[in-house]
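Residue-level listing of the chains:
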Amino acid sequence: MKRIAMLVPYFGTFPDYFPLWLLSCGCNPDVDFLVFTDDRRSFDWPENVKVTYLGWKQMQKRIRSCFDFPVKIPRPYKLCDYRPAYGEIFADELAGYDFWGHCDLDVVWGALREFVSEELLDRYDKLFYRGHFSLYRNTEKINGLYRCPVEGKPLYREVFQDGASRVFDEWTGIDRIFDEQKIPVYDGGVVADIYADDYHFTVNGDKWDKRRPQVFMWRKMNGRCRIFRYYRDQKDYVRQEFMYIHLQKREMALPAGNRPADALLIVPNRFIPCEGLARLLEDPETEDETAAAMIKKFYKRRLINWGLLRKKCARKVRKLKWYFTR
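A brief report on the enclosed structure follows. (Residues numbered from 1 in each chain as written. Predicted model: local features only at pLDDT ≥ 70, side-chain atom pairs only at ≥ 80, totals over all residues. Heavy atoms only, no water.)

Things to note about the sheet that holds strand E3 (residues 49-53)
- Judged by pairing direction, the sheet is mixed, and its seven strands sit side by side in the order E3-E2-E1-E4-E7-E6-E8 without closing on themselves. Strands with a single pairing partner mark the edges of an open sheet, and in this sheet they are E3 and strand E8 (185-186).
- When strand E2 (residues 32-37) meets E3, the two strands line up parallel, connected through five bridges. Paired with Phe33 across the strands is Val49, a residue of E3.
- Packing of helix H1 (residues 18-26) onto the sheet brings it into contact with strand E1 (4-10), E2, E3 and strand E4 (99-103), and relative to E2 it is tilted by some 150°. (Pairing = 2+ DSSP bridges. Helix = DSSP H or I, 4+ residues; strand = E, 2+ residues; numbered from the N terminus. Contact = heavy atoms within 4.5 Å. Axes fitted to C-alpha atoms, helices over the stretch in contact; angles between N-to-C directions.)

Regarding the side chain of Arg226
- With respect to the helices, strands and loops of the structure, Arg226 is situated in strand E11 (residues 224-233).
- Engagement of the side chain of Arg226 in a polar contact is seen with the side chain of Glu114, the distance being 2.9 Å.
- In terms of polar contacts, Arg226 uses its side chain to reach the side chain of Glu241, at 2.8 Å.
- Apart from the residues lying within four places of it in its own chain, the contact partners of Arg226 are Gly110, Ala111, Glu114, Met217, Trp218, Arg219, Met221 and Glu241. (Polar contact = N/O pair within 3.5 Å; in protein donor to acceptor, adjacent residues only side chain to side chain.)

Some words on the pairing of E2
- Most of E2 sits out of view: six of its six residues are buried.
- Burial along E2 is two-sided: the residues Asp32, Leu34 and Phe36 and Phe33, Val35 and Thr37 are all buried.
- Relative to E2, E1 runs parallel, the two sharing six bridges. When the sheet's bridge partners are listed, Leu7 is paired in E2 with Leu34.
- Between the parallel pair E1 and E2, the chain is carried across by H1, and the sense of this crossover is right-handed. (Buried < 20%, exposed > 50% of the residue type's maximum accessible area, 1.4 Å probe, protein only. Right-handed = clockwise from strand over helix to strand, strands pointing away.)

Topic: the side chain of Thr37
- Residue placement: Thr37 occurs in strand E2.
- A relative accessible area of 0% means that Thr37 is categorised as buried.
- Among the polar contacts listed, one links the side chain of Thr37 to the backbone oxygen of Tyr10, at a separation of 2.8 Å.
- Not counting residues up to four positions away in its chain, the partners in contact with Thr37 are Tyr10, Phe11, Gly12, Phe14, Val51, Thr52, Tyr53 and Leu54.

Notes on empty space enclosed by the protein
- Under the counting rule described, the total for this entry stands at one cavity of 30 Å³ or more.
- Empty space within the largest cavity amounts to approximately 30 Å³.
- Lining the largest cavity we find Ile4, Met6, Val31, Leu112, Arg113, Val116, Phe133 and Leu135.
- Among the elements of the structure, E1, helix H5 (112-115) and strand E7 (133-137) are those that each provide at least two residues to the lining of the largest cavity.
- Here the lining of the largest cavity is composed, by residue class, of seven nonpolar, no polar and one charged. (1 Å grid on protein atoms, 1.4 Å probe; cavity = no way out; pocket = protein on both sides within 12 Å on 5 of 7 lines; lining within 4 Å. Points joined across faces, edges and corners; volume = space filled by probe spheres on them. Nonpolar A, V, L, I, M, F, W, Y, C, P; charged D, E, K, R; others polar.)

See below:
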């Protein structure tokens, strides 16, 4: 089996539901997660999550040492633009791995290797276009591909010399490079990428999804974990499995004590322990009735996502402070 390492540099305080992210990592023991952080609080680190403690200035120094021209990396969010270069920046840590990737912390993993098969890894040099999860083949060619010109210009130099975020890890940068180099990328529809601006759940890319009352469930089963969506399709209730759910910019509360359970109902603002519901959903005689009651109770439409609005305002204030004090 090919070895995969996910690179996760994160500076500042981990999100509130970081313990659930860790738990879902631990349920994917055939993927390693390499975390670089200055948050030294105590967590239950699974064996496949390897943490390296370092300060933000140390990370800045490491990145600058990889380039023969001055680069700007004024704040941690700018790391997103450097993601396509992680294969070179973290080359020492990636020795022995066949693939490396980057991901966000506002995701909850399902069964990764059931969706990222050996057949796909044999066939593609890159899997997925998303900043919140992408995989790259760990070769010199692919690791240096970000340096290729875009429309005849070395776009990476322009991006790395600009202190503003440029989304170079997605459609404005590395995606264009793979397209121009005619290197196929796998992008199967296996991700529940939740639209950020609505309070209720809407999966990006699904034009019918706004009309679907739906909830999600994370389940730990036989040492593994799975992400299911439950929704009504005309008269029937449907269960659909995803590789992971991405809860972008969404405030989510863990159960009391911040201790995740073996089954969690995922509703728009919190995670709810639901071992009893999970058992009922496994019984064909009670599955539809349970799904109907679950959706009716927890699916609520609101015009404004107040949690997101607060985050956007706080982010605008931080940007203004940075602009006037730089």
